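# Chains, contacts and geometry: an overview
The primary structure of each chain is shown beneath.
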Amino acid sequence: IGILEQIGYVKKETEDADFVIYNTCTVRENANNKVYGRLGYLHSQKKKNPDMMIGLCGCMMQEPHVIETLKQKYKFVNIIFGTHNIYKLAELIYSYLETGKQTIEVLDETKQTVEQLPRKRKYTFKSGVNIMYGCNNFCTYCIVPYVRGREQSRKKEEILAEVEALAKQGISEVMLLGQNVNSYGNIYEYKDGKIVEVDEKDRVTFPQLLTEVCKIDGIERVRFMTSHPKDLSDELIEVMAEEPKICKHLHLPVQSGSTNILTRMNRRYTKEQYLALVDRIRAKMPNISLTTDIIVGFPGETEEDFEDTLDIIRKVKYDQAFTFIYSKRTGTPAATMDNQVPEDVIKERFNRLLTLVNEISNAQIKRF
């Protein structure tokens, strides 16, 4: 929206617009199907308004088979771009207007983070700030590393400059964002036309970055997500405990309470390691709010594995849990695993999980 407004577009609430853009998510197969359904509807709109431009972007565009489908069956889509080249949106629109031909540019990856793009903020008091892009974890159920590429951190100076600018605009709360903020620090830069990795001595850890953000005048609250349990350091726990500006809330996705399932998920921690981490966090911040993500029905999950998940919920006492029925995602290792759990079993477990999560959550929030 920031880019479009800068080149003269005005947001419109009705559907007779000159330009329609869909930003897509591809975490679940169903999300892709919804996009194709919406395109069918847009086609009928375009017949009424032939000059209307249609743009598609986001993670779904990073899948080669999607691009092929769009080229063959959805030729009325005018502009298609990926997650690594949002900065070229104005150029792509110009290219289409000049040629009238379907304009497609999807990069596999980029080590170049384009800074200081125009932005339109949704709220006047809070804002998200990306500190890194991509993911290196390859959990077996997740498509993200394949479509978003390897982890790449923004430079500390660029992040701090963005937060300072937000503070001057009256923003008092920032949320630092990344697929795994705890592994912040893998930074690349261009030197003499080549991509080089920044020296170890020049790297900044996530706790160090947090400390710097908290020093900025005008910023009163600092949040972050998401934290991968395998990388959450004692240094981070210390900084969170000591820095009054950091909200005492940690989103710490467990996904399953069973070490067996965690291994199949490639999460790289055990149930015992996760519980020990929670103990260390609560020792420093007894009143912290912990939230989590849980998947029910991952391939191979037995009743015993599921009971382990219920056990970890009882022990940790989450303030809130985002609960998901396992969704088979083509292109991930889990989609071809043996022992896919029957749907009726998953639903029955999911209902039991929800009952427990809600019961504990209600009890937890009463402390406030």
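All values derive from a computational prediction rather than experimental measurement.

### Focus on the overall build of the protein
- Counting its regular elements, the protein contains 12 helices and 14 strands.
- Taken over C-alpha atoms, the radius of gyration comes to 22 Å for the protein, in line with the 21 Å a tight globule of 368 residues would show.
- On the principal axes, the C-alpha backbone points of the protein span a range of 60 × 55 × 45 Å.
- Going through the 368 residues of the protein one by one, you find that 48% of them count as buried.
- For the protein, contacts bridging at least 24 residues in sequence account for 76% of all contacts bridging at least 6.
- As presented, the protein carries roughly 18900 Å² of accessible surface, and 50% of it is formed by carbon and sulfur atoms.
- A distance of 3 Å separates the average location of the 52 positive side-chain charges in the protein from that of its 52 negative side-chain charges.

### Things to note about the sheet that holds strand β2 (residues 53–58)
- Sheet architecture is open: four strands sit in the order β1-β2-β3-β4, paired in parallel fashion. Across the chains shown, the open sheet's two edge strands, defined by having one partner strand only, are β1 (19–24) and β4 (103–105). Taken over all neighbouring pairs, the strand axes of this sheet differ in orientation by 10° on average, direction set aside.
- Pairing of β1 with β2, which is carried by six bridges, proceeds in the parallel orientation.

### So, the nonpolar core
- Counting residues in hydrophobic clusters, the biggest one holds 70 residues, and the most contacted among them are Phe206 and Phe224.
- Of the residues forming this core, the biggest block, six residues, is contributed by helix α12 (residues 343–365).
- In contact with Phe206, other than residues within four places in its own chain, are Ile131, Leu176, Val181, Asn182, Tyr184, Phe224 and Leu236.
- Counting residues in each nonpolar core, the second largest holds 18 residues, with Tyr36, Met60, Val77 and Ile80 among its members.

### Considering helix α4 (residues 89–99)
- Residues of α4 that are buried include every one of Leu89, Leu92, Ile93 and Tyr96, and no others. When α4 is viewed along its axis, its buried side chains cluster within an angular range of 100° and face the same direction. Structural note: α4 exposes Tyr94 and Glu98 on the side pointing more than 90 degrees away from its buried face.
- Those residues of α4 hidden inside the fold are in contact with α1 (2–6), β1, β2, β3 (79–81) and β4.
- Directly after α4, the chain includes Gly100, whose backbone phi takes a positive value near 75°.

### Considerations on the environment of Gln273
- Along the chain, the position of Gln273 falls in helix α10 (residues 271–284).
- Sequence spacing of Gln273 and Ile67 is 206 residues, and the spatial spacing of their C-alpha atoms is 42 Å.

### Thoughts on the pattern of salt bridges
- Tallied over the full model, the rule gives 20 salt bridges.
- Glu238 serves as the salt-bridge partner of Lys284, at 3.3 Å between the closest nitrogen and oxygen. Of this pair, Lys284 sits in helix α10 while Glu238 is found in helix α8 (residues 234–242), placing the two residues 46 residues apart along the sequence.
- Classification of Glu238 by relative accessible area gives partly exposed; the value is 31%.
- When salt bridges with common partners are traced through the structure, they connect Glu301, Glu303, Glu307, Glu348, Arg349 and Arg352 into a single cluster.

### Re the side chain of Asp293
- Following the sequence through the fold, Asp293 ends up in strand β13 (residues 289–296).
- As a buried residue without a salt bridge, Asp293 has its nearest oppositely charged side chain in Arg267, at a separation of 7.1 Å.

### What to know about the packing of aromatic side chains
- What the rule picks out here adds up to eight aromatic pairs.
- Consider the rings of Tyr123 and Phe125, whose centres lie 5.6 Å apart with planes at 55°: the pair is tilted.
- You can call Tyr123 partly exposed: its relative accessible area is 37%.
- For Phe125, a relative accessible area of 39% gives the class partly exposed.
- Over the ring of Tyr123 we find Lys126, and its NZ or CZ is 4.7 Å from the ring centre.

Conventions adopted
- Residues numbered from 1 in each chain as written.
- Predicted model: local features only at pLDDT ≥ 70, side-chain atom pairs only at ≥ 80, totals over all residues.
- Heavy atoms only, no water.
- Helix = DSSP H or I, 4+ residues; strand = E, 2+ residues; numbered from the N terminus.
- Rg over C-alpha atoms; globule rule 2.2 N^0.38 Å.
- Buried < 20%, exposed > 50% of the residue type's maximum accessible area, 1.4 Å probe, protein only.
- Contact = heavy atoms within 4.5 Å.
- Areas by Shrake-Rupley, 256 points an atom, 1.4 Å probe, with all protein chains shown as cover.
- Lys, Arg positive; Asp, Glu negative; His and termini not counted.
- Charge placed at Lys NZ, Arg CZ, Asp CG, Glu CD.
- Pairing = 2+ DSSP bridges.
- Axes fitted to C-alpha atoms, helices over the stretch in contact; angles between N-to-C directions.
- Core = buried A, V, L, I, M, F, W, Y, C linked by side-chain atoms within 4.5 Å.
- Arc of directions from axis to C-beta.
- Salt bridge = Lys/Arg side-chain N within 4 Å of Asp/Glu carboxyl O.
- Phe/Tyr/Trp six-rings, centres within 6.5 Å; stacked < 30°, edge-to-face > 60°.
- Lys NZ or Arg CZ within 6 Å of the ring centre and 35° of its normal.

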